[in-house]
Amino acid sequence: MPPTLSAVAALPQLGLRALTEVRTDLPVRWVAVSELEDPTPFLEGGELVLTTGMRLTPDNVVPYVSRLVERGVAGLGFAAGVIHPVTLPELVDAARDQGLTLLEVPQPVPFIAIGKAVSRLLAAEWYEDDTRAFQAQRELTRAALRGPGPLIARLARELGGWALLLDPSGEVRHAAAAGDHAGRHAGDHATEHAGEHAADLARARRRAAELAPDLARLAQETRTASITLADKDDHVVVQGVGVSGRPRAFLAVGTAERLPRVAHTIVGSAVALLTLQSESPRTTRDLRSALAGLLLGLPPGGPAFPAAPVRVLACAGGAAVLDAFGDDDHCLPVPLQDGTVAVIIPAGATERLMALAHQRGPVGASDAADLDSLGHALRQARQALAAARRHRAALRYSDLPGQGLLGILDPALAQGFAETLLAPLTADETLITTLRAYIAANGQGETAARALGVHRHTLRARIQKAARLLGRDLDEPAVRAELWIALAVTANGTEPIGHPGHWKRPDPEIA
C-alpha cells in the first residue's frame with residue numbers, strides 16, 4: 001500500500017507542520033505542485049498538493065479547498081513565507097471545516113525534497129510487494145507440485161482469507177481458509193483457531209453457492225473470464241482457469257479487505273499453475289517441471305526446453321499462426337495480449353519458419369539468443385514486427401537499420417507532422433527550395449548558395465526569413481533534423497515514404 005499521509009508528515013527531514021488534523025488512513029499516491037486556482041482537472045486523487053498560494057486570497061480559499069476535497073486529494077502543503085508571510089488563516093479554517101489535512105512547508109524545504117521523499121517511500125513499497133510476490137510464487141509452486149488441493153490451501157494462507165477451486169458448474173473441488181495452518185497448532189488457543197477456521201470455511205462454501213449464477217454466465221465465455229464482487233463481509237475475486245476455449249474451472253478468493261496489487265499478482269500465479277495442471281496431460285511431467293523450475297528461479301534446462309540458440313518470432317497472424325506451429329515439437333508458440341503470437345524457434349530453421357509465419361501475416365524475428373535472454377529477444381521481435389507491418393513484410397531485428405529512419409515512420413502521422421511544421425513557408429516555394437538546400441548542406445551557407453546558384457547574402461536573407469516564419473533557430477541540430485524529416489516526407493507526396501527520403505534538387509538559378 002502507498003505511504004500514508006501521516007507517515008509523510010512525520011518525516012523528520014521535511015519538518016512539515018500540521019495545521020489541521022492529519023488523517024492516518026489516507027494513502028499518498030503522488031506529489032503534485034500547482035499554483036492554479038483550480039488544479040483538479042490535472043489530478044487523479046490521492047495526491048499531496050503543494051502550493052505557494054500564488055493565486056490564493058482570503059476570498060477564494062473556500063471554493064479552492066472544496067474542489068480539492070471533492071477530487072479526493074490526500075492533503076495540501078502550503079509554503080509560507082514565499083508569497084504570503086504566513087499561511088492564510090482563512091485557508092486553515094476552510095481546511096479544518098472541510099476535513100482537509102493542511103501541512104505547512106517550512107521555507108528552507110524545497111518542494112522537490114518532498115517529491116523525492118514520497119518517491120522513495122513508493123519505491124520501497126513496490127520493492128516490498130515484488131519481494132513478497134516472488135516468495136509467494138515459490139511457495140505456491142512447491143504446493144502445486146503436490147496437487148491443486150495443497151495449492152488452494154497455500155493461496156488462502158498467503159492472502160489471509162479463503163480460496164475455492166470450482167468446476168465449471170460451480171461445484172467445489174477444493175476449499176481452504178487461512179485458518180487451515182493456524183488450526184493445527186497445539187496450545188490454549190487451538191480450539192479457538194479451529195472454530196474460526198470452520199466458520200471461514202463455511203462462509204467460503206456459502207459464497208460458492210451464491211456465485212453459481214455468475215459462474216454459469218462466465219462459463220459461456222469463449223476466453224478466460226474474471227469478476228470482482230464485494231459486500232459487507234468479503235471482497236471476492238473470481239478468475240477462470242484454462243486457456244483453450246471456455247474455462248475448465250474457476251478460482252475464487254475472498255478477503256476482508258480489497259485485494260492490493262501484490263495480492264492480484266499472487267492470485268495470477270495461482271491461476272497460471274492451475275491452468276498448467278488443467279491443460280496439460282498427466283504424462284507431460286517435463287513441461288510441469290520446467291514451469292516449476294522457472295518459478296523457483298532455476299536456470300532453464302531439461303527435455304522440455306528447446307536447444308539454444310533460438311530466435312523469437314512476433315507474428316501478426318493470430319490463431320492461424322498457432323495452428324501452423326501447434327504440431328511442431330521444435331517450436332513453442334504463445335498468444336500475447338495484444339493479439340499477436342510469439343514463437344520460440346530453433347535459430348537454425350529461421351528462414352523456413354519465418355516464411356511459414358509470413359504466409360499468415362507480417363512477422364518480425366529477433367537475433368539469435370540464449371534461453372536466459374528470451375525477454376530481450378521478444379522485445380526485438382516486436383520492434384521488427386512494428387516495422388514489418390508497414391509493408392506486410394518479414395523482417396529480422398538486424399534488418400531494421402537498413403530500413404532507414406523514414407522507413408519506420410507511419411506515413412499518415414509523418415505527413416501530418418511535416419505539413420504542420422512547414423505550413424508557414426508554403427506560400428513561398430522559394431523559401432522551401434532554399435531550406436532544402438540549406439538542410440542538405442548541413443547548415444553550411446556557402447555550400448547551399450553554390451548548390452542553388454545564388455549569392456550567399458541572398459541565401460542568408462532567405463534563411464533568416466524562413467527562420468522567422470518558422471519561429472525556430474536553424475542553427476540548432478535538432479531543429480534541422482526535424483526539418484530534414486519534414487522535407488523528406490513531403491517530397492514523397494502521397495506515396496509510401498522512401499527509405500533514403502531524398503528530394504530532387506532544383507536546377508541552379510542565378511540570383
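All values reported here derive from a predicted model rather than from experimental measurement. (Residues numbered from 1 in each chain as written. Predicted model: local features only at pLDDT ≥ 70, side-chain atom pairs only at ≥ 80, totals over all residues. Heavy atoms only, no water.)

(A) Here's a closer look at the overall build of the protein. Looking only at helices and strands, one finds 18 helices and 15 strands in the protein. The proportion of buried residues among the 511 residues of the protein is 43%. For the protein, the accessible area works out to roughly 26,800 Å², and carbon and sulfur atoms hold 54% of it. (Helix = DSSP H or I, 4+ residues; strand = E, 2+ residues; numbered from the N terminus. Buried < 20%, exposed > 50% of the residue type's maximum accessible area, 1.4 Å probe, protein only. Areas by Shrake-Rupley, 256 points an atom, 1.4 Å probe, with all protein chains shown as cover.)

(B) Summary view of the confidence of the model for the protein. With 81% of its residues at a pLDDT of at least 70, the protein reaches an overall mean of 81. pLDDT under 50 marks residues 493-511. Its contacts with residues more than four places away, or in other chains, come to 41 contacts. (pLDDT = per-residue confidence, 0-100. Contact = heavy atoms within 4.5 Å.)

(C) How the structure looks around the nonpolar core. Core analysis: the biggest nonpolar cluster contains 28 residues, and Leu425, Leu435, Leu459, Leu474 and Leu483 have the highest contact counts within it. Residue assignment for this core shows that the elements contributing at least two residues are helix H14 (411-422), helix H15 (429-440), helix H16 (445-452), helix H17 (456-470) and helix H18 (477-491). Non-local contacts of Leu425, meaning those with residues more than four positions away in its chain, are made with Leu431, Ile432, Leu435, Ala466, Leu469 and Leu470. Residues Ile152, Ala163, Val237 and Ala263 belong to the second largest nonpolar core, which totals 26 residues. (Core = buried A, V, L, I, M, F, W, Y, C linked by side-chain atoms within 4.5 Å.)

(D) Here's a closer look at a nonpolar patch on the surface. Judged by side-chain polarity, Met54, Val82 and Ile83 come together as a nonpolar surface patch covering roughly 280 Å² of accessible area. Take Met54: it is sitting in the loop between strand E3 (47-51) and helix H2 (61-71). (Patch = residues over 30% accessible without salt bridge, like charges linked within 9 Å, V, L, I, M, F, W, Y side chains within 5 Å. Salt bridge = Lys/Arg side-chain N within 4 Å of Asp/Glu carboxyl O.)

(E) Expanded view of the environment of Leu371. Examined against the element boundaries, Leu371 turns out to sit in the loop between strand E14 (363-365) and helix H12 (374-388). The spatial distance from the C-alpha of Leu371 to the C-alpha of Val310 is 7.3 Å, given a sequence separation of 61 residues.

(F) Unusual backbone geometry, seen in detail. Positive phi values are uncommon outside glycine, yet Asn442 reaches one of about 60 degrees. Tracing the backbone shows Asn442 in the loop between H15 and H16.

(G) Quick look at the environment of Gly268. Mapped onto the fold, Gly268 is located in helix H8 (residues 261-279). Linking Gly268 and Gln239, residues 29 residues apart in sequence, is a C-alpha distance of 8.6 Å.

(H) Structural detail: the sheet that holds strand E4 (residues 75-79). With mixed pairing, the five strands of this open sheet are ordered in space as E1-E5-E4-E3-E2. Looking along the sheet, the strands with just one partner apiece sit at the ends: strand E1 (17-18) and strand E2 (30-33). Summarising the sheet, E3 and E4 pair through four bridges and their orientation is parallel. Counted as the bridge partner of Leu48 is Gly75 from E4. Across the sheet, helix H4 (residues 111-144) is in contact with E2, E3, E4 and strand E5 (102-105); its angle to E2 comes to roughly 160 degrees. (Pairing = 2+ DSSP bridges. Axes fitted to C-alpha atoms, helices over the stretch in contact; angles between N-to-C directions.)

(I) Spatial organisation of the environment of Gly160. Mapping Gly160 onto the fold places it in the loop between helix H5 (148-159) and strand E6 (162-166). The spacing of Gly160 and Ala256 is 96 residues in sequence and 8.6 Å in space, taken between C-alpha atoms.

(J) Focus on the pairing of E6. Taking burial as the measure, the five residues of E6 include five buried ones, the bulk of the element. Bridge count between E6 and strand E7 (residues 172-177): five bridges; the pairing is antiparallel. The residue bridging Leu164 from the neighbouring strand is Ala175, located in E7. In textbook terms, the turn of a hairpin is the stretch between consecutive antiparallel strands, and for E6 and E7 this stretch comprises five residues, one of which, Gly170, has a positive phi near 100 degrees.

(K) Expanded view of the side chain of Asp167. With respect to the helices, strands and loops of the structure, Asp167 is situated in the loop between E6 and E7. Of the side chains with opposite charge, Arg173 lies nearest to the buried Asp167, which makes no salt bridge, at 4.9 Å. Other than its neighbours up to four places away in sequence, Asp167 contacts Arg173, Ala249 and Phe250. (Lys, Arg positive; Asp, Glu negative; His and termini not counted.)

(L) Quick peek at the side chain of Thr275. Positionally, Thr275 belongs in helix H8. Owing to a relative accessible area of 11%, Thr275 belongs among the buried residues under this scheme. A distance of 2.8 Å separates the side chain of Thr275 from the backbone oxygen of Val271, its partner in a polar contact. Not counting residues within four places of it along the chain, the set of residues in contact with Thr275 comprises Val241, Gly242 and Val243. (Polar contact = N/O pair within 3.5 Å; in protein donor to acceptor, adjacent residues only side chain to side chain.)

(M) Expanded view of the sheet that holds E7. Taking strand neighbours across the sheet as the criterion, the five strands line up as E7-E6-E10-E9-E8 in an open arrangement whose pairing is antiparallel. Sheet topology places E7 and strand E8 (226-230) at the edges, where each strand pairs with a single neighbour. When the angles between neighbouring strand axes are averaged without regard to direction, this sheet yields 15 degrees. Looking at chain direction, strand E9 (residues 235-241) and strand E10 (residues 249-255) are connected through seven bridges and run antiparallel. If you follow Gly240 over to E10, its bridge partner there is Phe250.

(N) Inspection of the pattern of salt bridges at higher detail. A full pass over the atoms with the stated rule returns 10 salt bridges. A salt bridge links Arg472 to Glu482; the nearest nitrogen and oxygen atoms lie 2.7 Å apart. With Arg472 in the loop between H17 and H18 and Glu482 in helix H18, this pair connects stretches of sequence that are 10 residues apart. Under the relative-accessibility criterion, Glu482 is labelled partly exposed at 31%.

(O) Focus on H2. Buried within H2 we find Val61, Tyr64, Val65 and Leu68. The buried residues of H2 occupy an angular sector of 95 degrees when projected down its axis, which confines them to one face. Structurally, H2 contributes buried residues whose contacts are with E3, E4 and helix H3 (89-98). Looking one or two residues beyond H2, the residue adopting positive phi is Gly72, at roughly 85 degrees. (Arc of directions from axis to C-beta.)

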